[in-house]
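Structure assessment
So you can see what is in the structure, the chains are spelled out below.
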Amino acid sequence: MNTTTQNVEAHEGGHDHPTDAKYIRVAIVLGVVTALEVATYFVEIPGVVVIPVLLAMMVFKFFYVAAWFMHLRFDSPMFTKFFVAGLALATLVYGVLLTVFEFWTKG
Amino acid sequence: MADAAAVDHGHGTGTGLSNNKLLMWVFLGSECLLFGGLISTYLIYRSRYADGPAPGDIFDIPFTSVSSFILLMSSLTMVLSLSALQRGDIRNNRVWLLATALLGSLFIGGQVYEFTTFLREGLGYTTSPFSSAFFTLTGFHGIHVSLGIVMLVSLLIASFRGTLTKERSETVEIVGLYWHFVDVVWIFIFTVIYLVPSPTS
Amino acid sequence: MSDTIELAAPGRPLGVYTRPRGNTGWRDWITTVDHKKIGILYGATAMFFFGIGGLEALLIRLQLATPDGTVMGADTYNRVFTMHGLTMVFMVIMPLAAAFANYLLPLQIGARDVAFPRLNALSYWVFLAGGLFLNMSWLLGDAPDGGWFAYAPNTGVIFSPGHGMDYYVLGLQIMGIASLVSAMNLIVTVLNMRAPGMTLFKMPVMTWMILVVQFLLLFAVPVITVALFLLMFDRNFGANFFNPEMGADPLLWQHLFWIFGHPEVYILILPSFGIISEVIPTFSRKPLFGYPFMVFSGIAIGFMGWGVWAHHMFVSGIGPISVAAFSMSTMFIAVPTGVKILNWLATMWGGKIKFTVAMLFAFGVVSMFTIGGLSGVTHSVAPADTQQTDTYYIVAHFHYVIFGGSLLGIFAGFYFWWPKVFGHLLSEKLGKWNFWLMIIGFNMTFGPMHILGLQGMSRRIDSYSPGFGFEFWNMFASIGSFIIALGVLMFVINVVTSARRARHEPPVGPDPWDARSLEWFTPNPTPVHNFDELIQVDSLDEFWHRKYAEDENGRVVRVASAEEVCQDGSATDVHLPSPSYWPFVMAAGFPFVGFGLIYTLWICIPGALLILMAIYGWIFEPTDDPDGPHGHHADGSSDHDGTQAPSEAAGETVEEAPVG
């Protein structure tokens, strides 16, 4: 029924859903970054360079999926806050744990 | 019918957000702590491979890259299925749901193949702290993916019974959130466990 | 109705998937999704386990009353003290806090129920299943005996070959599910279901403390889940997480356990802090001093609680840098707690104190927790803790904070809210006996343990030899423990006789304490639909402000009686969430899965079937209102349960329960 449709869209707060074309473009970007990540395996790069690069690419993919596919970019900030809260707490707590285990120095 | 959509999308709630969607995000926040614990355990134990194979000896990066790519693309098909339903395109909603389930199953198939290969190469569950941690982490992830596939198939069944309508797109959205999260965890695992250089024996 | 599809046409139920309706008696309790009944279930169950945990405590004190005690052998002692700890933490304090949270939180925010009533019921039944499962270990000969903290590899399969630790792992996993589900439910409830006008900063401090606890649960339970899985895999599948011979590090268990364990102790104390934050202002006839500080200190405790866990591990060999860091962070966390103590004192200062039993218990919390907090500060000094750790000094500390803090706070809550729940007051006279016996007995039992600990008496030992000078205080403490038991007995007598007396007396009437928060708008006992009409909230302590205002001279004057302000509970057209069997059915599956994992996998099958059947039934049962304009969700969502759906009744216009 059209009224429902209109209400749904009106309610969505006017934010746009990305088009399918946009989603596909996001996927292509993700694919390219993944290919670059995998490429590091085939090339000799010193660890001190490759690890930060890999982590940076990982973080980029992580946030790209969260922002576009999980729609966080368009949704209420409250959702982002919950997700980031969990992520931040996990990073902090487990980061400390790994530090106590001397992971960063002894691996 | 204004009430239906309004209520579905969270009108009448304190934050204006749907209860169900908020519940899923709250849950995903807690899942970060679960996977964080398993990942940390792996990282602490990855160099403790006893007499067995070390991670650097045994990982097959090209193979895992392909299965990682498959899982990544399943996120695309997931969001396409949602987008179709939000437009009222029931047929494509089903097509993309099926595609997501198939890609997920392919990923699981890849995991099974990888695990059996490792077993043949001398890395069993009980071989070393490294092996226990590796299989537990990837096993938990695999179980999450499998539960996701069950949910996707359930959505498909609901769709074929005619109960998965445009008004119910939030259900697909919420299953999608779970699916993308599971994908995002794998993005983390693939980089940190596989790609970052591992100890070799 | 053309764009909605229903599985059940109105008036035509769908066989086994119809929702139970209008049952009374035990069926009512089994299928209830009413947060108030669920709260009562939690409370009653927790008090039952309190009896068990208390017996375990008395056995311990009997054993330790004399040197070389012969009441129990070492193996039995280990089981008794392990189960005492597990019972008191997981089956008494946590569910008592859940009882108050379940009953009161929706009322305090002006809602009709929680966001997900069936999930709420599930949490209770799963908790019960887990608690019973764990206690079944007593009957099957093999209670866990590794301490509540279960350090690996002692609790691995080599050193704990029996099934006891398997009961530990599985029992806690099951109860963890209950806590996690409840946490998610209450967080969504607080965010989404507040009454109109109730901003977060108009919520009572108790609601805030409960909210912080839910966040702590949300993030801490997954950590112990990981630890328990790792232990289970080591024990049952030969994994190598805690096997030093294969290169594993036993400290991993300790870290994971305490990353959960420290937030857990804040989970244990914050609800009681919340309770007394309501009791003290009421009986001081003054608003709570420093509301924003109370809220922010609670949040601060929630945050900082994540950064102190290794203070439980100062002597485990983590190294001086880690010890120093955690020592400092532990010192810092005393600050927000101190802020709270000062605020309660400042609330009482200059107030017109009414020494009701609830207020006595609240005083008890403030004083006993201060003592426990001070000994805690001494632990934070790592060199001092090196002497204190693993001695009775620590036992003294945590009993002062958990018994003196959490439990006394819960008793304050009992006396305060008993009329709201049951419609009659508990006897103040018997209550005073209850309080004084408990607090005297408590101090007799645990006060001397500070001395015993510093004199070198080890904890977690089944007996001590004569000649060390431990005899006097141990006997003293054991006598004290029986005085505590007498105090608890007074409570039970109070409950029974007050209920009997209430049958011949008029009902207590509204607002017996002249209180401050929203739950007191409803008559006593609370009607099943909570509020006749939802309250429009304009200020903190909204209820108080309807009764009192300031005159031209700025003095507080009464402007309305309780009868005028309170609702009379007579509304009949409020739609409520329908009851459901499925939470009970689903919970029943878990013990089977547990027994199957311990004894033989075949037993898992009926358990798994029950769980799957329940999930299926849950998703497909009709929502409360098949006639309503919304269809029914494939995922069985229940965000329409009661709060937004219009009535099934006459079809007349009923309020939509806006909760924006």
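A brief structural summary. (Residues numbered from 1 in each chain as written. Chains lettered and ligands numbered in written order. Predicted model: local features only at pLDDT ≥ 70, side-chain atom pairs only at ≥ 80, totals over all residues. Heavy atoms only, no water.)

Considerations on the overall build of chain B
Where we set the bar: Strands are runs of DSSP state E lasting at least two residues, helices are runs of H or I lasting at least four, and both sets are numbered from the N terminus onward. The classification of residues rests on relative accessible area computed with a 1.4 Å probe and restricted to protein chains. Under 20% of the type maximum is buried, over 50% is exposed, and intermediate values are partly exposed. Any two residues having at least one pair of non-hydrogen atoms within 4.5 Å are treated as being in contact.
Within chain B one finds seven helices and zero strands. Reading chain B from its N end, one meets helices and strands in the order α-α-α-α-α-α-α. Seen through its C-alpha atoms, chain B measures out along the principal axes to roughly 65 × 35 × 25 Å. Buried positions account for 69% of the 201 residues belonging to chain B. Long-range pairs, those at least 24 residues apart, make up 80% of the contacts in chain B with a sequence separation of at least 6.

Brief notes about the overall build of chain C
Which entries qualify depends on this criterion: This radius of gyration counts C-alpha atoms alone. The globule rule is 2.2 Å times how many residues there are, raised to the power 0.38. The Shrake-Rupley method, run with a 1.4 Å probe sphere, supplies the accessible areas, and residue values consider only the shown protein chains as cover. The charge count treats Lys and Arg as positive and Asp and Glu as negative. His and the chain ends do not count. Here the site of a charge means NZ on Lys, CZ on Arg, CG on Asp, or CD on Glu.
Within chain C one finds 18 helices and two strands. Expected size for 660 residues packed as a compact globule is a radius of gyration near 26 Å; at 25 Å, chain C falls within 12% of this value. Along the first, second and third principal axes, the C-alpha atoms of chain C reach 80 × 70 × 50 Å. Each of the 660 residues in chain C was classed as buried or not, and the buried ones make up 63%. Pairs at least 24 apart in sequence give 80% of the contacts found in chain C among residues at least 6 apart. Of the roughly 23,700 Å² of accessible surface on chain C, 69% is carried by carbon and sulfur atoms. In chain C, 31 positive and 48 negative side-chain charges are present, and the distance between their average locations comes to 8 Å.

Remarks on the environment of Tyr 49 of chain B
Tracing the backbone shows Tyr 49 of chain B in the loop between α2 (19-45) and α3 (55-58). The sequence separation of Tyr 49 of chain B and Ser 131 of chain B amounts to 82 residues, and the corresponding C-alpha distance is 7.1 Å.

Re the packing of aromatic side chains
To be explicit about the condition: Ring pairs shown here join Phe, Tyr and Trp side chains whose ring centres sit within 6.5 Å, with only the six-membered ring taken for Trp; geometry is labelled stacked below 30 degrees between planes, edge-to-face above 60, and tilted in between. In our convention, an over-ring charge means Lys NZ or Arg CZ found within 6 Å of a ring centre and within 35 degrees of that ring's normal.
All told, the structure shown has 93 aromatic pairs over all chains when counted by the stated rule. Measuring from ring centre to ring centre gives 5.3 Å for Phe 83 of chain A and Trp 25 of chain B, while their planes differ by 65°; the resulting arrangement is edge-to-face. Within this pair, whereas Phe 83 of chain A is found in helix α4 (residues 77-100), its partner Trp 25 of chain B is found in helix α2, the two belonging to separate chains. Each member of the pair, Phe 83 of chain A together with Trp 25 of chain B, is buried. Above the plane of the ring of Trp 68 of chain A lies Lys 22 of chain A, whose end atom (NZ or CZ) is 4.3 Å from the centre. The ring centre of Trp 544 of chain C lies 4.2 Å from the NZ or CZ of Arg 516 of chain C, which sits over that ring.

Notes on the interface of chain C and chain A
The criterion, for reference: Throughout, the accessible surface (probe 1.4 Å) given up by two parts as they are put together, summed over both, is called the buried area. By salt bridge we mean one thing: a side-chain nitrogen of Lys or Arg within 4 Å of a carboxyl oxygen of Asp or Glu. Pairs of N or O atoms are called polar contacts if they sit within 3.5 Å, as long as, within protein, a hydrogen donor faces a hydrogen acceptor (for residues adjacent in sequence, only side-chain-to-side-chain pairs).
With 18 residues of chain C at the contact, the number on the chain A side is 13 residues. For the chain C and chain A pair, buried surface summed over both sides reaches about 1,300 Å², with 83% attributable to carbon and sulfur atoms. Counting across the interface, chain C meets chain A through zero salt bridges. Counting across the interface, chain C meets chain A through zero residue pairs in polar contact (both at pLDDT 80 or more).

Re helix α6 (residues 205-237) of chain C
Residue and element names in this part refer to chain C. To keep things clear, this is the line we draw: To estimate how far a helix should extend, the number of its residues minus one is multiplied by 1.5 Å. Note on bend: the value at a residue is the angle between axes fitted to the seven residues ending there and to the seven starting there.
In a regular helix each residue adds 1.5 Å, so 33 residues correspond to 48 Å; α6 covers 47 Å between its end C-alpha atoms and thus fits that length. At Ala 220, α6 is bent by approximately 25°, the largest bend along its length, and proline Pro 222 sits one to four residues beyond. Most of α6 is tucked away, with 29 of its 33 residues classed as buried. At the C-terminal side of α6, Gly 238 shows a positive phi close to 75°.

Concerning the environment of Lys 36 of chain C
All names here are of chain C. For Lys 36, the location among the structural elements is in helix α2 (residues 35-64). Put simply, Lys 36 and Asn 530 are 494 residues apart on the chain and 9.1 Å apart in space, counted from C-alpha to C-alpha. Setting aside residues no more than four positions away along its own chain, Lys 36 makes contact with Tyr 103, Thr 526, Pro 527, Val 528 and Asn 530.

Side note on the pattern of salt bridges
Residue and element names in this part refer to chain C. Under the definition given, this model contains 20 salt bridges over all chains. Notably, a salt bridge pairs Lys 547 with Asp 514, separated by 2.7 Å at the nearest N-O pair. In this pair, Lys 547 sits in helix α15 (residues 542-547) while Asp 514 sits in the loop between α14 (471-503) and α15, placing the two residues 33 residues apart along the sequence. By relative accessible area, Lys 547 is classed as buried at 0%. Asp 514 sits in the buried class, given a relative accessible area of 11%. Note that Asp 551 is salt-bridged to Arg 555, the shortest N-O span being 3.8 Å. Overall, Arg 555 belongs to the exposed group, its relative accessible area being 53%. Shared partners join several salt bridges into a network, and the residues in it are Arg 285, Asp 511, Asp 514, Lys 547 and Arg 558.

Some remarks on α2 of chain B
Residues and elements named next belong to chain B. Taking 1.5 Å per residue, 27 residues should reach 39 Å; α2 reaches 40 Å between its end C-alpha atoms and fits that length. Judged by how many residues are buried, α2 sits mostly within the fold: 26 of 27 residues are covered. N-capping of α2 is provided by Ser 18, with a side-chain oxygen placed 3.2 Å from the backbone N of Asn 20.

Brief notes about the packing of helix α3 (residues 74-108) of chain C against helix α7 (residues 251-284) of chain C
Two quantities define a packed helix pair, namely the angle between the axes and the distance from one axis to the other. Residue and element names in this part refer to chain C. What counts here: Lines fitted to C-alpha atoms define the axes here, with helix axes fitted over just the stretch in contact, and angles between the N-to-C directions of these axes take values from 0 to 180 degrees. Oblique is the label for every angle not falling under 35 degrees (roughly parallel), over 145 degrees (roughly antiparallel), or within 65 to 115 degrees (roughly perpendicular). Crossing handedness: left-handed means the near helix sits turned counterclockwise from the far one by under a right angle, and right-handed means the same turn made clockwise.
The N-to-C vectors of α3 and α7 enclose an angle of 45°; their axes lie 10 Å apart at closest approach. Put simply, α3 runs oblique to α7. You can see that α3 and α7 cross each other, and the crossing is left-handed. On the side of α3, the interface is formed by Val 89, Phe 90, Ile 93, Met 94, Ala 97, Phe 100 and Gln 108, while α7 contributes Phe 260, Glu 264, Ile 267, Leu 268, Pro 271, Ile 275 and Glu 278.

Things to note about the packing of α2 of chain B against helix α7 (residues 169-195) of chain B
Residues and elements named next belong to chain B. Put simply, the rule reads: Under the convention adopted here, Pro, Cys and the residues Ala, Val, Leu, Ile, Met, Phe, Trp and Tyr are nonpolar, Asp, Glu, Lys and Arg are charged, and Gly plus all remaining residues are polar.
Contact geometry of α2 with α7 gives a least axis separation of 11 Å together with a crossing angle of 15°. Comparing the axis directions of α2 and α7 gives the class roughly parallel. The handedness of the crossing between α2 and α7 comes out as right-handed. Between α2 and α7, the residues in contact are Asn 20, Lys 21, Met 24, Trp 25, Phe 27, Leu 28, Glu 31, Cys 32, Phe 35, Ile 39, Tyr 42 and Leu 43 and Glu 170, Glu 173, Ile 174, Leu 177, Tyr 178, Phe 181, Val 185, Phe 188, Ile 189, Val 192 and Ile 193, respectively. Along the lines of polarity and charge, the residues of the contact of α2 with α7 split into 18 nonpolar, one polar and four charged.

Some remarks on the side chain of Thr 155 of chain C
Residue and element names in this part refer to chain C. Position of Thr 155 relative to the elements: it lies in the loop between α4 (117-139) and α5 (164-192). For Thr 155, a relative accessible area of 0% puts it in the buried group. Of note is the side chain of Thr 155, whose polar atom sits 3.1 Å from the backbone oxygen of Tyr 151.

Quick look at a nonpolar patch on the surface
Residue and element names in this part refer to chain A. Filter applied, for reference: Patch rule: a residue counts if its relative accessible area is over 30% and it has no salt bridge; like charges are joined within 9 Å, and nonpolar side chains (Val, Leu, Ile, Met, Phe, Trp, Tyr) within 5 Å.
A cluster of nonpolar residues, Tyr 41, Phe 42, Val 43, Ile 45, Val 48, Val 49 and Val 53, forms a patch on the protein surface that exposes about 660 Å² of accessible area. Contributions of two or more residues to the nonpolar patch are made by α2 (20-42) and α3 (47-69). When residues of the nonpolar patch are assigned to their parent elements, the largest contribution, three residues, is made by α3. Inspection of the secondary structure assignment puts Phe 42 in helix α2. Looking at Phe 42, the relative accessible area reads 56%, which means it is exposed.

Structural notes on the nonpolar core
Worth spelling out the cut-off: To define a nonpolar core, start from buried Ala, Val, Leu, Ile, Met, Phe, Trp, Tyr and Cys residues and group those joined through side-chain atoms within 4.5 Å.
Within the largest apolar cluster, 305 residues are counted, with the highest numbers of intra-cluster contacts made by Phe 59, Phe 134 and Ile 193 of chain B together with Tyr 168, Trp 253 and Leu 270 of chain C. In terms of residue count, α6 of chain C provides more of this core than any other element does, 23 residues in total. The residues contacting Phe 134 of chain B, other than those within four sequence positions of it, are Tyr 42, Phe 59, Glu 114, Phe 115, Phe 118, Gly 139, Ile 193 and Tyr 194 of chain B. The next biggest cluster of nonpolar side chains, apart from the first, holds five residues, and it includes Leu 430, Leu 437, Met 444 and Ile 483 of chain C.

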